[in-house]
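# Reading the structure
Below are the chains, spelled out letter by letter.
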There are 2 protein chains.
Amino acid sequence: MQRKIIHSNFVDSKSPDELNLRANHYMLIDGEQIVDLVPAIPQDWSKVTVLDYSTGFVMPGFVDLHCHVPQFVNRGIGIGMELLDWLHTYTFPEESRFADADYRRLIFKRLINAFWRHGSLASVVFATIHKAAAIDLINMFEQSGLRSFVGKVNMDSHSPDYYIEQTVDSIADTVAFVEATKHNKMAKPIITPRFVPSCSRELLTALGKIAADYNLPVQSHLSENKKEIAWVAELFPDCQSYADVYRQHDLWRPDYQTVMAHCVWPTSREKELLRASQVVVAHCPQSNGNLASGIAPITELLDYGIPVALGSDISGGHEVSISRAMQMALTFSNLYWVHVDTTARRLSFANAFYMATRAGGKFFGNLGDFKKGRLADFLAIDDSALGDCQKKDLSERLQRFIYCGDDRQIVARFVGGRQVDEPYADV
Amino acid sequence: MQRKIIHSNFVDSKSPDELNLRANHYMLIDGEQIVDLVPAIPQDWSKVTVLDYSTGFVMPGFVDLHCHVPQFVNRGIGIGMELLDWLHTYTFPEESRFADADYRRLIFKRLINAFWRHGSLASVVFATIHKAAAIDLINMFEQSGLRSFVGKVNMDSHSPDYYIEQTVDSIADTVAFVEATKHNKMAKPIITPRFVPSCSRELLTALGKIAADYNLPVQSHLSENKKEIAWVAELFPDCQSYADVYRQHDLWRPDYQTVMAHCVWPTSREKELLRASQVVVAHCPQSNGNLASGIAPITELLDYGIPVALGSDISGGHEVSISRAMQMALTFSNLYWVHVDTTARRLSFANAFYMATRAGGKFFGNLGDFKKGRLADFLAIDDSALGDCQKKDLSERLQRFIYCGDDRQIVARFVGGRQVDEPYADV
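As a starting point, this report considers the structure included with it. None of the values given here were measured: they were computed from a predicted structure.

Right, let's talk about the overall build of chain A for a bit. When helices and strands are tallied, chain A shows 14 helices and 18 strands. Rg of the C-alpha trace for chain A: 21 Å, near the compact-globule value of 22 Å for 427 residues, within the 12% margin. The C-alpha extent of chain A, read off along each of the three principal axes, is 65 × 50 × 35 Å. Considering only intrachain contacts with a sequence separation of at least 6, the fraction spanning at least 24 residues in chain A is 75%. Per element, the accessible surface of chain A, about 14,200 Å² overall, is 49% carbon and sulfur. Positive and negative charge centroids in chain A, built from 43 and 51 side chains respectively, lie 5 Å apart.

Structure (structure tokens):
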């Protein structure tokens, strides 16, 4: 295996509540993994190549746990509508275009490049209902050098004529998609019922069975918007909550294998279920603001023992940047404290950083911080253009980058110890 | 006077509620002013030079109505504290450093460059308590080619030993600052009591008199944070409200000559006073989120007849960008509707755009949109890198730029008909 050494200042999470700041250290990498992070190069590594990023700092790659790839074209457009109207006006018409192979490949390339540019080295994404589109997307991610879970979206109910599947086709196409991609190394399939209203009981049951048969993770949406929640209650009067619909159809996989986006309005029943299955909540504050969904009670979820990571939710959110999701999560938590519950704990910067890196990284398994044995997925940041950075301590430099930096400061991206270049330089 | 023609697609405000979209038009400029905006070049302008920005679009310059220049170094640092703690931990120590001429000039150059870069062609800013610093700043703005109102800050009470003035010095220095700068063309003095708690009655009275004597506008802070408001009530038990303190000391100048930052928690009494004096509220949502101040009831203020513009509030806010202030204003209004008052009107994109351009431009007089006779202050935007922009209509392209663009898309800045280069390319 190939060894390399990274010389830099390192920032990662010691725990969900604490940063780990190691100035002027050396990361020892053997093949895909971090062997150690030490203040001096050990004797037996003395002949290994050292890559120097010591004028800036190195941090774990961002993880985006919720994104609709085919909505990339709609970023920043039509903001202000609520969820259900917005889906029918903007989202479904755009997604339906992805039956066209040339069109979708262009957009997929642009989105994957954008993830790369903004340092989202691992992501969990929705494709469209089209089997061929989902296969294209997962193959293009696989080639990109970035990590991902990609879902073929399932929709057989309450969807427009031009963007809906027959139940049998939805099931068969999902199995075919999984069969075609289950041996992938970097881009893996994930079962993806769009949300409860777009799936029949029969479809939900079949998807739960596919997830179990192939031992696959699952992603969907949960309790994003009040009207949506009321609609789910109407559709499934026999279920105690929105969450129960997924659970009853065996769509909540055990222990950190399920992503539920949003959870803006979780009931106490739902919180129990989320914790019991260690479902990861993908908090998408930019989207929750744009679509007027509301502020999710994030510290309440965290302190109750529910994992929470961050998502861009393109195009409910308009930016790929997970730095921005961190900022918004912190702001939303402050506003929740002011306007909703003055007894709530306010999210800390360290909490938000953990949510942006390790909480999502854990969904991929062994990545998201710099503990020994982790996969060497990280970003090299050159913060010299952000002003007076040499005078600040490492914690302040990280904050300055997260709040005031952008893709221009990300000068190198490593996944599994290997530097990744822009995946699709032709678009 | 020198004539020029700008060929582009133009977006500005028709009213506070409506965009004005004119594709493929020509802006006729004579000297500093816009003569007309027309679909074809008139015969008698046929020999005038045409500058072509027609692949992108042209919009009014952004106006930043509230910014603390000396806090530029603190952007993104220490976010999460509330106002009063934050002032003593981060703000006052940094501002006190501006007694040092070399240090402050470096920071002033960086801030002015940042305004230029982000398209904030006009701004209303706080310097520090130091007369020499305020004079430096206003002179550097005057040379920059950008428009500004610059205030020497007044603080003779409840301030730390290392950052406070004697009342007589505060008054004398303010007069000297005004005398030294009152004939400026582009950067003009504005009376700037920091906020009520930092000023004695004697100082407030004197500042009111200076404002009247020299016919100067006034800026300060109003009702930002609940603890601050309680403190003001304690300090001025004889005043009916926070706003009354300024009013009773003649610090609210008539008709669009006063800027009050924040107004997160206005009482009905304060709303009456704001409307009566046509005080411009500088809404700074990024700051209000970072400092956990709360969500200002913006549509309520607007619909009541109070002018509202936008401010970055560096470093309560961490970004100079007024695009970002627009985004945050829209998101905050959505959250206000969800969590505070479901009967509130939600801010529209057109409202936010007006707040970012014409509402602030009106404080400078004759700028902020493209009506005949306005000063020709505008930005040329090249949105080609934002993806699929040629397929979108002008309204969508504007939204895409505001939500997903940044300084990289601003390719030219014109103030009073003249293109402005980066003011201080040496830093």
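That was the structure; now back to the text.
Below, the discussion takes up the interface of chain B and chain A. With 49 residues of chain B at the contact, the number on the chain A side is 49 residues. Both faces considered, chain B and chain A share a buried interface measuring about 3,800 Å² in area, 52% of it formed by carbon and sulfur atoms. Three residues stand out in chain B for area buried against chain A, namely His 339, Tyr 403 and Arg 408 of chain B, and they jointly supply 15% of the buried area on that side. Where chain B meets chain A, there are 6 salt bridges. Put simply, Arg 408 of chain B and Asp 406 of chain A hold a salt bridge, and the shortest N to O gap is 3.8 Å.

For the pair chain B and chain A, the relating rotation is 180°, the translation along its axis is 0.0 Å, and the fit reaches an RMSD of 0.0 Å. Here the symmetry operator amounts to a two-fold rotation axis. For chain B, the residue whose C-alpha comes nearest the rotation axis is His 339 of chain B, separated from it by 3.5 Å. When the interface residues of chain B are mapped onto chain A, 100% of them again fall at the interface, so both copies present the same face.

This part takes up the packing of aromatic side chains. Any two aromatic rings considered together are summarised by their centre-to-centre distance and by the angle between their planes. Residue and element names in this part refer to chain A. Summed over the entire model, instances satisfying the criterion amount to 30 aromatic pairs over all chains. On the basis of an interplanar angle of 15° and a centroid distance of 4.6 Å, the ring pair of Phe 378 and Phe 414 is categorised as stacked. Taken as a pair, Phe 378 in strand S16 (residues 378-381) and Phe 414 in strand S17 (residues 410-415) lie far apart in primary sequence, 36 residues in all. The exposure class assigned to Phe 378 is buried, which follows from its relative accessible area of 0%. Residue classification places Phe 414 among the buried residues on the basis of a relative accessible area of 1%. The structure contains a cluster of three or more aromatic residues connected by ring pairs, namely Phe 10, Tyr 53, Phe 370, Phe 378 and Phe 414. One cation-aromatic arrangement involves Lys 226 over Trp 265; the distance from NZ or CZ to the ring centre is 4.3 Å. The aromatic ring of Trp 116 is capped on one face by Arg 413, whose charged end is 3.8 Å from the ring centroid.

All names here are of chain B. Here 4 strands make up an open sheet; going across it, the order is S6-S7-S8-S10 and the pairing parallel. Each edge of the open sheet carries a strand with a single partner, namely strand S6 (62-68) and strand S10 (187-189). Averaged over all pairs of adjacent strands, the angle between strand axes in this sheet comes to 20°, irrespective of strand direction. By the bridge criterion, 5 bridges tie S6 to strand S7 (residues 120-126) in an arrangement that is parallel. For Phe 62, the partnering residue across the bridge sits in S7 and is Ser 120. Here helix H11 (residues 322-339) sits on the sheet in contact with S6 and S7, set at roughly 90° to S6.

Let us now look at the state of the cysteines. Residues and elements named next belong to chain A. For the structure on display, the rule yields 0 disulfides over all chains. In this model Cys 239 remains outside any disulfide bridge; the closest cysteine sulfur is found in Cys 199, 13 Å from its own. For the unlinked cysteine Cys 284, the closest cysteine sulfur is that of Cys 67, found at 9.3 Å.

A separate point is helix H8 (residues 268-276) of chain A. All names here are of chain A. Restricting attention to buried positions, one finds in H8 the residues Glu 270, Lys 271, Leu 273 and Leu 274. Along the long axis of H8, the arc covered by the buried residues comes to 165°, so they all point the same way. For H8, the exposed residues lying more than 90 degrees away from the buried face are Ser 268 and Ala 276. In this structure, the buried residues of H8 make contact with strand S12 (218-222), helix H7 (242-248), strand S14 (280-283) and helix H10 (298-304). Directly beyond the C-terminal end of H8, a positive phi value near 45° is found at Gln 278.

Residues and elements named next belong to chain A. Its location among the elements puts Val 153 in strand S9 (residues 153-154). Using a relative accessible area of 0% as the deciding quantity, one classes Val 153 as buried. Sequence separation between Val 153 and Ala 134 is 19 residues; the distance between their C-alpha atoms is 8.2 Å. Excluding residues that lie within four positions of it along the chain, Val 153 makes contacts with Phe 126, Ala 127, Thr 128, Ile 129, Glu 165, Thr 192 and Arg 194.

What follows concerns unusual backbone geometry. All names here are of chain A. For the bond from Ile 314 to Ser 315, the omega torsion is 0°, close enough to zero to count as cis. Structurally, Ser 315 can be placed in the loop between strand S15 (308-310) and helix H11 (322-339). With phi around 55°, Asp 250 is a residue other than glycine that occupies positive phi space. By the element assignment, Asp 250 lies in the loop between H7 and strand S13 (258-262). One non-glycine residue, Cys 263, adopts positive backbone phi at about 50°. Summarising the element assignment, Cys 263 is placed in the loop between S13 and H8. When its relative accessible area of 1% is taken as the criterion, Cys 263 is described as buried.

Turning to the sheet that holds strand S10 (residues 187-189) of chain A, a few remarks are in order. Residue and element names in this part refer to chain A. Taken in spatial order, the 4 strands of this open sheet run S6-S7-S8-S10, and their pairing is parallel. Both edges of this open sheet fall to strand S6 (62-68) and S10, since each of them pairs with a single strand only. Strand-to-strand twist in this sheet, taken as the mean axis angle between neighbours without regard to direction, amounts to 20°.

This paragraph deals with the side chain of Ser 157 of chain B. Residue and element names in this part refer to chain B. Among the secondary structure elements, Ser 157 is positioned in the loop between strand S9 (153-154) and helix H4 (167-181). Note on Ser 157: relative accessible area 12%, which makes it buried. Here the side chain of Ser 157 touches Ser 200 through a polar contact of 3.2 Å, landing on its backbone nitrogen. Among all residues touching Ser 157, those that are not within four sequence positions of it are Ile 164, Pro 197, Ser 198, Cys 199 and Ser 200.

Turning our attention to the pairing of S12 of chain A. Residues and elements named next belong to chain A. When you tally the buried positions in S12, you get 5 out of 5 residues, the bulk of the element. Across the two faces of S12 the burial is the same, with Val 218, Ser 220 and Leu 222 and Gln 219 and His 221 all buried. Pairing of S12 with S13 involves 5 bridges; the strand directions are parallel. Bridging across to S13, Leu 222 finds its partner in His 262.

Further remarks concern the pairing of strand S2 (residues 18-30) of chain A. All names here are of chain A. Sheet topology places strand S1 (residues 3-15) next to S2; 11 bridges connect them, and they run antiparallel. Among the inter-strand pairings, Asp 12 is bridged to a residue of S2, identified as Asn 20. Relative to strand S3 (residues 33-38), S2 runs antiparallel, the two sharing 5 bridges. Note that in S3 the partner of Asp 30 across the bridge is Gln 33.

A few words now on the packing of helix H2 (residues 101-117) of chain A against helix H3 (residues 131-144) of chain A. Residue and element names in this part refer to chain A. Orientation of H2 relative to H3, taken along the N-to-C sense of each, is 35°, at an axis distance of 10 Å. Between H2 and H3 lies a crossing whose hand is right-handed. Between H2 and H3, the residues in contact are Arg 104, Arg 105, Phe 108, Lys 109, Leu 111, Ile 112 and Phe 115 and Ala 132, Ala 133, Asp 136, Leu 137, Met 140, Phe 141 and Ser 144, respectively. Counted by class, the contact of H2 with H3 contains 9 nonpolar, 1 polar and 4 charged residues.

Moving on to the environment of Arg 397 of chain B. Residues and elements named next belong to chain B. Relative to the helices and strands, Arg 397 resides in helix H14 (residues 394-404). Overall, the relative accessible area of 7% leaves Arg 397 in the buried class. With 298 residues separating them along the chain, Arg 397 and Ala 99 place their C-alpha atoms 45 Å apart. Sequence-distant contacts of Arg 397, that is, excluding residues within four places in its chain, are made with Asn 9, Thr 55, Gly 56, Phe 57, Asp 383, Cys 389, Gln 390 and Lys 392.

The rules behind the values
Residues numbered from 1 in each chain as written. Chains lettered and ligands numbered in written order. Predicted model: local features only at pLDDT ≥ 70, side-chain atom pairs only at ≥ 80, totals over all residues. Heavy atoms only, no water. Helix = DSSP H or I, 4+ residues; strand = E, 2+ residues; numbered from the N terminus. Rg over C-alpha atoms; globule rule 2.2 N^0.38 Å. Contact = heavy atoms within 4.5 Å. Areas by Shrake-Rupley, 256 points an atom, 1.4 Å probe, with all protein chains shown as cover. Lys, Arg positive; Asp, Glu negative; His and termini not counted. Charge placed at Lys NZ, Arg CZ, Asp CG, Glu CD. Buried area = accessible area lost by both parts, 1.4 Å probe. Salt bridge = Lys/Arg side-chain N within 4 Å of Asp/Glu carboxyl O. Least-squares fit on C-alpha atoms with pLDDT ≥ 70 in both. Phe/Tyr/Trp six-rings, centres within 6.5 Å; stacked < 30°, edge-to-face > 60°. Buried < 20%, exposed > 50% of the residue type's maximum accessible area, 1.4 Å probe, protein only. Lys NZ or Arg CZ within 6 Å of the ring centre and 35° of its normal. Pairing = 2+ DSSP bridges. Axes fitted to C-alpha atoms, helices over the stretch in contact; angles between N-to-C directions. Disulfide = S-S within 2.5 Å. Arc of directions from axis to C-beta. Polar contact = N/O pair within 3.5 Å; in protein donor to acceptor, adjacent residues only side chain to side chain. Left-handed = near helix turned anticlockwise from the far one by under 90°. Nonpolar A, V, L, I, M, F, W, Y, C, P; charged D, E, K, R; others polar.

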